[in-house]
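Notes for the structure review
Each chain, written out:
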Amino acid sequence: MTIQGDIDSENRNVIVENKNGKLGQTWDIVYADEMPPTPKKGEMFAAFGMKVDTPFHVISNLPDGRFLDLIGNNMVIKTRNGLKSQEWTFNYNTRTIRSARTPSYSWDIQNSGRTPNMQVYSTNSGWF
Amino acid sequence: MNKDWGFKINTPFYVVSQLPDGRFLDLVGNNMLIKTRNGLPSQEWYFDQKTRTIRSQRTKSYAWTIQGNGNSANIAASGSNSEWYQLFKWDAASGSFTNVKNKKVLDVAGGRDAEATNVQVWKKNGSPAQKWKLVYTTDLKIQTKGLNKEFGLEIERPFFIVSKMWMNRVVECVGASNLVMKTLRTTNKGQQFYLDDKTQTIQSFQWKDRSITIQSNGRSNNLYMTTTNARWFQLFRW
């Protein structure tokens, strides 16, 4: 059983294909009476390592300990300033890290993952 | 009981291969082959006392018949006439069905223990391909709950099929037909499936007469849900 094209998107078709070991062919069977409840606000979502809908800062381990910040939509490090542009939350439904300044925007590898630059962009839950 | 022929009279039974996978003698079209148990009448037989033939429960006028008026190796089911090539005796001690005239026995072609292997008559050689169990339907012990070891799933226990891709979407049956990936909604029965013990297919918890199927009788790569028939393109192991 394979997700067609290994594309993790809503309404993606399911097919059969020769086994290839890719993620689109790997599944869990979870019995309905053992399905864990959806994590609520403040609860840890272990698969992604973050608490749900709980604001956090991202602080560089470089000597000056600057905070991850936004200038426009680009991600930079800056001295702590108490602004929303330095706050982030993990959203369970989209599995993305959202900006507290612009909550409809999430961390995004620019150009759909084809560049190394990080920015925030309209949330789409693509792998990037 | 007709002791001369070895059968209870007019009492439905299964014919189960003693090859390791224990498939059942089945009637597909008019041909006889071995298949995984599916609970359908095509796998049920009975001894008809009047004609001394073994009849199909699916098509009761049809009896086991060596094709070509007994000149072929193949066995099929066709209209009952009680000619010698339709007459077989059951011997429980040896586990064999033997034709009364040519003494050939019911045999899995090539000894191949695989889904839909043809069944024929062959000179007796004592191999496992020629050994069977006759199980009256009332005696079949059916596991109704717990793990089905062959298919790896708990019987009749609803489950979600959860992708390991990062969004952990689940498979959903949409419109009683197509299978697509959707965000989990635990109350949506279209996202729940279960192993049906009778047919050993994976059925929809919402549309319980439909099973996961490789489309076009297995010739496509698309998966969808359609009416259960328990053929190989509806059988999946976990």
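Residues numbered from 1 in each chain as written. Chains lettered and ligands numbered in written order. Predicted model: local features only at pLDDT ≥ 70, side-chain atom pairs only at ≥ 80, totals over all residues.

To continue, consider the overall build of chain B. A count of helical and extended segments in chain B gives zero helices and 21 strands. The 238 residues of chain B split such that 40% are buried. For chain B, the share of sequence-separated contacts (at least 6 apart) that also reach a separation of at least 24 residues comes to 47%. (Helix = DSSP H or I, 4+ residues; strand = E, 2+ residues; numbered from the N terminus. Buried ≥ 20, exposed ≤ 12 C-beta atoms within 10 Å, placed from the backbone. Contact = placed C-beta atoms within 7 Å.)

All names here are of chain B. Counting 34 residues, the largest nonpolar core has Val15, Met32, Ile75, Leu106 and Val119 as the members making the most contacts within it. Per-element accounting of this core gives the leading share, four residues, to strand β6 (residues 62–66). Ranked by size, the runner-up nonpolar core spans 22 residues in total, among them Leu179, Met181, Tyr194 and Ile214. (Core = buried A, V, L, I, M, F, W, Y, C linked by C-beta atoms within 7 Å.)

Now for the interface of chain A and chain B. Each partner contributes to the interface: chain A provides 24 residues, whereas chain B provides 27 residues. Among the secondary structure elements, those contributing two or more residues to the side of chain A that touches chain B are β2 (14–15) and β3 (27–31) of chain A. In terms of residues, the side of chain A that touches chain B owes the most to one element, β3(A), which gives five residues. Here the residues of the side of chain A that touches chain B are counted per class, giving 13 nonpolar, five polar and six charged. Of the strand pairs in this sheet, β3(A) and strand β15 (residues 159–163) of chain B are connected by five bridges, and their pairing is antiparallel. Residue pairing for β15(B): A:Trp27 is matched across the bridge by B:Ser163. (Nonpolar A, V, L, I, M, F, W, Y, C, P; charged D, E, K, R; others polar. Pairing = 2+ DSSP bridges.)

All names here are of chain B. Burial within strand β20 (residues 210–214) is extensive, with five of its five residues counted as buried. Sheet analysis places β20 next to strand β21 (residues 223–227), joined by five bridges and oriented antiparallel. Bridging across to β21, threonine 213 finds its partner in tyrosine 224.

Overall, the prediction assigns chain B a mean pLDDT of 93, with 100% of residues at 70 or greater. Per the prediction output, this complex has pTM 0.68; the corresponding ipTM is 0.77. (pLDDT = per-residue confidence, 0-100.)

Residues and elements named next belong to chain B. You can see glycine 111 is positioned in the loop between β10 (105–108) and β11 (117–122). Classification of glycine 111 as partly exposed rests on a count of 14 C-beta atoms within 10 Å. Note: C-alpha distance between glycine 111 and leucine 19 (92 residues apart in sequence) is 8.0 Å. Apart from the residues lying within four places of it in its own chain, the contact partners of glycine 111 are Ser127, Pro128 and Ala129.

Bringing the environment of A:Gly126 into the picture now. Residue and element names in this part refer to chain A. Along the polypeptide, glycine 126 turns up in the segment after β11 (118–122). Among the residues examined, glycine 126 registers 15 C-beta atoms within 10 Å and is labelled partly exposed. For the pair glycine 126 and glycine 113, spaced 13 residues apart in the sequence, the C-alpha separation amounts to 9.1 Å.

Turning our eyes to something else, we now look at the environment of B:Phe13. By the element assignment, B:Phe13 lies in strand β1 (residues 13–17). C-alpha of B:Phe13 to C-alpha of B:Gln57: the two residues are 44 residues apart in sequence and 9.3 Å apart in space.

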